[in-house]
Amino acid sequence: MAGNKGRGRAAYTFNIEAVGFSKGEKLPDVVLKPPPLFPDTDYKPVPLKTGEGEEYMLALKQELRETMKRMPYFIETPEERQDIERYSKRYMKVYKEEWIPDWRRLPREMMPRNKCKKGPKPKKAKDAGKGTSLTNTADVLKKIEELEKRGDGEKSDEENEEKEGSKEKSKEGEDDDDDDAAEQEEYDEEDQEEENDYINSYFEDGDDFGADSDDNMDEATY
Amino acid sequence: MTQAEIKLCSLLLQEHFGEIVEKIGVHLIRTGSQPLRVIAHDTGTSLDQVKKALCVLVQHNLVSYQVHKRGVVEYEAQCSRVLRMLRYPRYIYTTKTLYSDTGELIVEELLLNGKLTMSAVVKKVADRLTETMEDGKTMDYAEVSNTFVRLADTHFVQRCPSVPTTENSDPGPPPPAPALVINEKDMYLVPKLSLIGKGKRRRSSDEDAAGEPKAKRPKHTTDNKEPIPDDGIYWQANLDRFHQHFRDQAIVSAVANRMDQTSSEIVRTMLRMSEITTSSSAPFTQPLSSNEIFRSLPVGYNISKQVLDQYLTLLADDPLEFVGKSGDSGGGMYVINLHKALASLATATLESVVQERFGSRCARIFRLVLQKKHLEQKQVEDFAMIPAKEAKDMLYKMLSENFISLQEIPKTPDHAPSRTFYLYTVNILAAARMLLHRCYKSIANLIERRQFETKENKRLLEKSQRVEAIIASMQATGAEEAQLQEIEEMITAPERQQLETLKRNVNKLDASEIQVDETIFLLESYIECTMKRL
């Protein structure tokens, strides 16, 4: 309603002179794409400051970076299993000092729960609120599974652990995460041991194994 | 927090503490105050790791906790404190200039470990200094303690809030988290310790004799069996005091650049006298009389009282208004206008950026608009004596980068564009904020580029490290020149070239980070003091 929509020609709603373009002048082109990612600059940056202080700070910075990586505060991500276990990795591990925070200054929930991580906790389900009868049944089933996997030798350990476990299950269920981590670690070990189908105890090195002389290497073996 | 700040925090945390701590830290910065379970659930990390990460972050004063209703403890991250990690080299170097190597190592240990007890600091520093000394000499604990006490007296290190001592008859269960308190008076109180001992040199022969890898060595040496006398009293580096010192340095060098060495010395004396008496956020220092200043001038300076008075009058009359006269008693009372000084420094930074980015004619227009506050298009052309087309072009360039803004003044209530004045103006606070944001972005870019360069040449770097290790071990066992030569040739000439280039680039990127951080400091101080005033 306000004014004409411009019969044929657009009229500016403000005084074009005020912005600096003279009337009728060709306006600059409309930019149709975003500006370039690395535009050319007419003015190159000023060179960096140099001096004793700056050099010292530079060396300090690089040194601090290296030192921080070796401090106990640098928590490394647990590496995924590599395809090939490199021999040198065993000897290139950096041994870090253990750091124990002052527990008096931290909230109580920060302390790691002191639980034995040897026996697997029989519960993965998070229904800590349910009655103990259900948990006991699940416990038994789980326990049977575990026993099959682990072999008879460790049965007695598990019985003890499991009793403690069911008692503590009535507390908060946050232990599950710790358990899962512990269980995963154990399973990993088992996997490692069982990578091949051969049971180690079956094969016994003969006396002559590896002791054969290599004098006759020029002869082909059939 | 802006995206740029969060990105920079993420890069810093990752470089210093690893990825797990970075994930938790960035999540807390993004979402604010959260309890433990929610953090674990939202980030998808195990509770165990979240606890470890939070312990590290709390130790380094990057995260604080608070007990809310129903006993829930919530954790909050301090984004600005994370950004301070960029400035660690500057803090350590400053301490070196003021308190030499001992002080430098004390502050370095405090910054690396977040907080430490005094006895722990003294022991670590003495051991480190002993390593660098010649054989047979050791560093005495007493000397390190003295430097520590001096640092505490000048407020460069301060006590952390501590656990309140409750009486034994406290009924009920302990609270979920301790409420740490600190008394103002106690903040710099050094506990009475009699630390007797000398630094121990770590002997390599002992390690070999043990015959076991280091990890199997007991984690606690026998020293820790004794009760630590200052248990529970932790110290941290007082970053505000360092900032105050940097600010003073900036003001002194500005005065030296503008006037001469003597006036900068006078200003330095005035600032030194008000170090402890003025709080860091005060708009100006306590008034100092000319007589006091004369007495406190450094010993080497032999200027007479009249000359000093003349200098002070000159400083007070300067249009920059660093120094102001607040009274006539005692030969003239003078103050240093800290806020005005910071504003001038921030403005100078802006001007310099405009000059380096757009050229000196743009800088002239910028300074003009700064001086006249509001100008129309036509007036800009006239005052700056620049042809209309170019002036228009430059103004629009600066406008598009947000250094200059437009102020509309309507003549009629309907704000019709043809009947409105458009005035160009510089809003210093807004421009400073914009520039600060750009600084954060540029440091993030620098860090990323450095990491990229290092990753590209990782293989080559590892190879050169191995070769150096081999050479070092061979030299230790006494090898001939020819053998060493042969080992050195394992790295070919083009590889050596590549390593040189890499080293040069990484050094340049690191040095740039340090310098951008100086600009960040100036801009942040200015913004902080302006916000306090509003």
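Residues numbered from 1 in each chain as written. Chains lettered and ligands numbered in written order. Predicted model: local features only at pLDDT ≥ 70, side-chain atom pairs only at ≥ 80, totals over all residues. Heavy atoms only, no water.

### Observations regarding the overall build of chain A
Within chain A one finds six helices and zero strands. Starting at the N terminus and ending at the C terminus, chain A contains elements arranged as α-α-α-α-α-α. Per-residue burial for chain A yields a buried fraction of 20% across its 222 residues. When contacts within chain A are restricted to residue pairs at least 6 apart in sequence, those whose partners lie at least 24 apart make up 62%. Of the roughly 19000 Å² of accessible surface on chain A, 51% is carried by carbon and sulfur atoms. (Helix = DSSP H or I, 4+ residues; strand = E, 2+ residues; numbered from the N terminus. Buried < 20%, exposed > 50% of the residue type's maximum accessible area, 1.4 Å probe, protein only. Contact = heavy atoms within 4.5 Å. Areas by Shrake-Rupley, 256 points an atom, 1.4 Å probe, with all protein chains shown as cover.)

### Brief notes about the confidence of the model for chain A
All names here are of chain A. For chain A, per-residue confidence averages 64 on the pLDDT scale, and residues scoring 70 or more make up 37% of the total. Helix α6 (residues 175–193) is the least confidently modelled element of chain A, averaging 42 in pLDDT, while helix α2 (residues 52–70) averages 93, the highest of any element. Between residues 116–133, whose pLDDT stays under 50, and residues either more than four places distant or in other chains, the model counts 34 contacts. Contacts from residues 153–194, a stretch scored under 50 in pLDDT, to residues over four places away or in other chains number 58 contacts. (pLDDT = per-residue confidence, 0-100.)

### Things to note about unusual backbone geometry
All names here are of chain B. In this structure, His 155 takes a positive phi of about 70 degrees despite not being glycine. By the secondary structure assignment, His 155 is in the loop between α8 (141–153) and β5 (157–159). You will see that Met 385, though not glycine, has its phi angle at about 55 degrees, which is positive. For Met 385, the position within the fold is in the loop between α16 (377–384) and α17 (388–400). According to the relative accessible area criterion, Met 385 is exposed, its value standing at 67%.

### Considering the side chain of B:Arg247
Mapped onto the secondary structure, B:Arg247 falls in helix α10 (residues 239–258). If we ignore the near neighbours within four places in the chain, the residues touching B:Arg247 are B:Ser280, B:Leu338, B:Leu342 and B:Phe521.

### Let's talk about the pattern of salt bridges
All names here are of chain B. Applying the stated criterion across every chain yields a total of 30 salt bridges over all chains. With a closest N to O distance of 3.1 Å, Arg 87 and Asp 517 form a salt bridge. Placement of the pair is Arg 87 in the loop between α5 (79–83) and α6 (88–113) and Asp 517 in helix α21 (residues 493–533), with a sequence separation of 430 residues. For Arg 87, a relative accessible area of 0% gives the class buried. (Salt bridge = Lys/Arg side-chain N within 4 Å of Asp/Glu carboxyl O.)

### Topic: the nonpolar core
All names here are of chain B. Formed by 117 residues in total, the largest nonpolar core has its most connected members in Leu 8, Leu 54, Tyr 75, Trp 235, Ile 365, Phe 366 and Met 398. Per element, the largest residue contribution to this core is 12 residues, and it comes from helix α18 (residues 428–456). Setting aside its immediate chain neighbours within four residues, Met 398 contacts Val 354, Phe 358, Cys 362, Ile 365, Phe 366, Phe 403 and Ile 404. Within the second largest apolar cluster, 25 residues are counted, among which are Leu 288, Leu 308, Leu 312 and Ala 341. (Core = buried A, V, L, I, M, F, W, Y, C linked by side-chain atoms within 4.5 Å.)

### Quick look at the pairing of strand β9 (residues 333–336) of chain B
Along any regular strand, the residues point their side chains to alternate faces of the sheet. Residues and elements named next belong to chain B. Burial along β9 is two-sided: Met 333 and Val 335 facing one way and Tyr 334 and Ile 336 facing the other are all buried. Note that strand β7 (residues 288–289) and β9 share two bridges and pair antiparallel. Bridging from a neighbouring strand, Ser 289 pairs with Met 333 of β9. Of the pairings in the sheet, the one linking strand β8 (residues 323–327) to β9 comprises four bridges and is antiparallel in character. Considered in β9, the bridge of Val 323 is made with Ile 336. Two successive antiparallel strands, β8 and β9, enclose a turn made up of five residues, where Gly 330 displays a positive phi of approximately 65 degrees. (Pairing = 2+ DSSP bridges.)

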